[in-house]
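Structural features, examined
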Amino acid sequence: MKITLKCFAFLAKHLPVYAKKNAAEVELQEGTSVNNVIDMFQIDREDAYLVILNGVFVCGEDRDTTLLNEGDTLALWPEVAGG
Amino acid sequence: MIDKTAYRQAMDLSDEQLLHYNAQIMLPEIDVSGQQKLLAAHILIIGVGGLGTVAALYLAAAGTGQLTLADPDQVELTNLQRQISYNYAMQGEAKVNACQKTLNALNPEVSLATIESSLHGELLERTISQADIILDCTDNLKSRFEINKTCFKYAKPLVCGAAIRWEGQLSVFVPADKDSPCYQCFHNPDSRLNQSCSANGVLGPVVGVIGSMQAIEAIKLITGAGELLIGQTLLFDALSLQWQTMQVSPRTGCEICGQRV
């Protein structure tokens, strides 16, 4: 199945080289979880602080059990707390 | 035919006030009644750094009745790249005093109170309980969690901004709205991350964008104009100039907002 993976800020360097505008279509096996994708692209799980699946926040406890589906968009953002 | 209610309300504002705030009174969503609400409002700004100085400037210019500014720091040379209420000559002054001077020059009608201290514990509780709306413009997670908790304890709307590097984030939490999550619904209090702009870097206009949007949401909260950013967080990536909206629901079992009756 194919999903769109988006990585913002300093996480963008983890995207495939063909990515454009912080997004890349990636091929995954059925049954792949959110955390599987984060690990697959060698992103530190703590750096992927905000995980957004199809526009909705996925909390830390659900990232192992939330499985991706064809056509999903998964976006990853680092933490922002400065001011 | 003259609308008698609007006429009476307009009479409650002086000619100078009508002229001063004319540009926003012309907006039908604000009008004279919205301006009166602004003039009667008390907003607490916690942290007058990159975010807080920008929000404070716009809120003072808009005619907010009372602003309370809280920050323990002094103005340093390294602040001047982004903290635009300060100038070169203000180095070494308490930020709250320097910001007060700038805001007073901008709009002497605004009543300004200052607290040259970090707000924690009893002082935080007392200060939040006395304000109508709270703007979190701090630079660390520990303060953010405590402010969030206290705002929910006293049922005060919280406009939360954050920025670092090229990224910004904006959320509005309204304890009285059951659809509103709180900061702790999607931030981990055990996070090892603790970020400051001085340690990580930040582009000045990024804090300007987020601080301005905090002022927008505060004005909307006071006047009732438009739709608030409830149940959503806006994320901004300035490098690609992209915005993303993230939907967040109140987290089941959240120890802060889950206690609401």
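So, here is what we can say about the structure in this document. (Residues numbered from 1 in each chain as written. Chains lettered and ligands numbered in written order. Predicted model: local features only at pLDDT ≥ 70, side-chain atom pairs only at ≥ 80, totals over all residues. Heavy atoms only, no water.)

Once that is clear, we can look at the overall build of chain A. Looking only at helices and strands, chain A has one helix and five strands in total. Listed N to C, the secondary structure of chain A is β-β-α-β-β-β in terms of helices and strands. By the compact-globule yardstick of 12 Å for 83 residues, chain A fits well, its C-alpha radius of gyration being 12 Å. Taking the intrachain contacts of chain A between residues at least 6 apart in sequence as the baseline, contacts between residues at least 24 apart amount to 59%. On chain A, roughly 3,900 Å² of surface is accessible, and the fraction owed to carbon and sulfur atoms is 48%. Chain A carries 7 positive and 13 negative side-chain charges, and their two centres are separated by 10 Å. (Helix = DSSP H or I, 4+ residues; strand = E, 2+ residues; numbered from the N terminus. Rg over C-alpha atoms; globule rule 2.2 N^0.38 Å. Contact = heavy atoms within 4.5 Å. Areas by Shrake-Rupley, 256 points an atom, 1.4 Å probe, with all protein chains shown as cover. Lys, Arg positive; Asp, Glu negative; His and termini not counted. Charge placed at Lys NZ, Arg CZ, Asp CG, Glu CD.)

Bringing the overall build of chain B into the picture now. A count of helical and extended segments in chain B gives 10 helices and eight strands. With respect to the principal axes defined by its C-alpha atoms, chain B has extents near 60 × 50 × 40 Å. Per-residue burial over chain B gives 54% buried out of 261 residues. The long-range fraction of contacts in chain B, counting pairs at least 24 apart against all pairs at least 6 apart in sequence, stands at 65%. For chain B, the accessible surface area stands at approximately 11,700 Å², while carbon and sulfur atoms represent 52% of it. Here chain B contributes 18 positively and 26 negatively charged side chains, and the mean placements of these two sets differ by 5 Å. (Buried < 20%, exposed > 50% of the residue type's maximum accessible area, 1.4 Å probe, protein only.)

As a further point, take the state of the cysteines. Residues and elements named next belong to chain B. One pass over the structure, following the stated rule, counts zero disulfides over all chains. For the unlinked cysteine C99, the closest cysteine sulfur is that of C137, found at 10 Å. The closest cysteine sulfur to the non-disulfide-bonded C254 is located on C182, 3.6 Å from its own sulfur. (Disulfide = S-S within 2.5 Å.)

Our next topic: the side chain of T68 of chain B. All names here are of chain B. Note on placement: T68 falls in strand β2 (residues 66-70). Side-chain polar atoms of T68 contact the side chain of H42, separated by 2.8 Å. Once you skip the residues sitting within four places of it in the chain, T68 turns out to touch H42, I43, L44, I45, A113, I115 and T127. (Polar contact = N/O pair within 3.5 Å; in protein donor to acceptor, adjacent residues only side chain to side chain.)

This part is about unusual backbone geometry. A positive phi angle, near 65 degrees, is found at N22 of chain A, a position not held by glycine. Mapped onto the fold, N22 of chain A is located in the loop between β1 (2-7) and β2 (23-27). Of note in this structure, A155 of chain B is not a glycine but carries a positive phi near 55 degrees. Within the secondary structure layout, A155 of chain B lies in the loop between α8 (141-153) and β5 (158-164). Owing to a relative accessible area of 48%, A155 of chain B belongs among the partly exposed residues under this scheme.

Before going further, it helps to examine helix α7 (residues 121-130) of chain B. All names here are of chain B. Looking at α7, one finds that the buried residues are L124, T127 and I128. One side of α7 carries all its buried residues, which in axial view fall inside an arc of 95 degrees. Among the exposed residues of α7, those pointing more than 90 degrees away from its buried face are E122 and Q130. Check the buried side of α7 and you find it contacts β1 (42-46), β2, β3 (111-115), β4 (133-136) and α8. (Arc of directions from axis to C-beta.)

With that out of the way, let us pick up the pairing of strand β3 (residues 50-53) of chain A. All names here are of chain A. Both faces of β3 are covered, namely the face carrying L50 and I52 and the face carrying V51 and L53. Bridge analysis of β3 against strand β5 (residues 73-77) gives four bridges, and the strand direction is antiparallel. Opposite I52, over in β5, you have A75 as the bridge partner. Bridge count between β3 and strand β4 (residues 56-57): two bridges; the pairing is antiparallel. Note on β4: the bridge partner recorded for L53 is V56. Between β3 and β4, which pair antiparallel in sequence order, lie two residues; one of them, N54, sits at a positive phi of approximately 50 degrees. (Pairing = 2+ DSSP bridges.)

Okay, the interface of chain A and chain B next. Chain A puts 22 residues into the contact, and the matching count from chain B is 37 residues. Linking chain A with chain B are zero salt bridges. Counting across the interface, chain A meets chain B through 15 residue pairs in polar contact (both at pLDDT 80 or more). Contributing elements (two or more residues each) for the side of chain A that touches chain B: β3, β4 and β5 of chain A. Taken together, the residues of the side of chain A that touches chain B sort by class into 13 nonpolar, four polar and five charged. (Salt bridge = Lys/Arg side-chain N within 4 Å of Asp/Glu carboxyl O. Nonpolar A, V, L, I, M, F, W, Y, C, P; charged D, E, K, R; others polar.)

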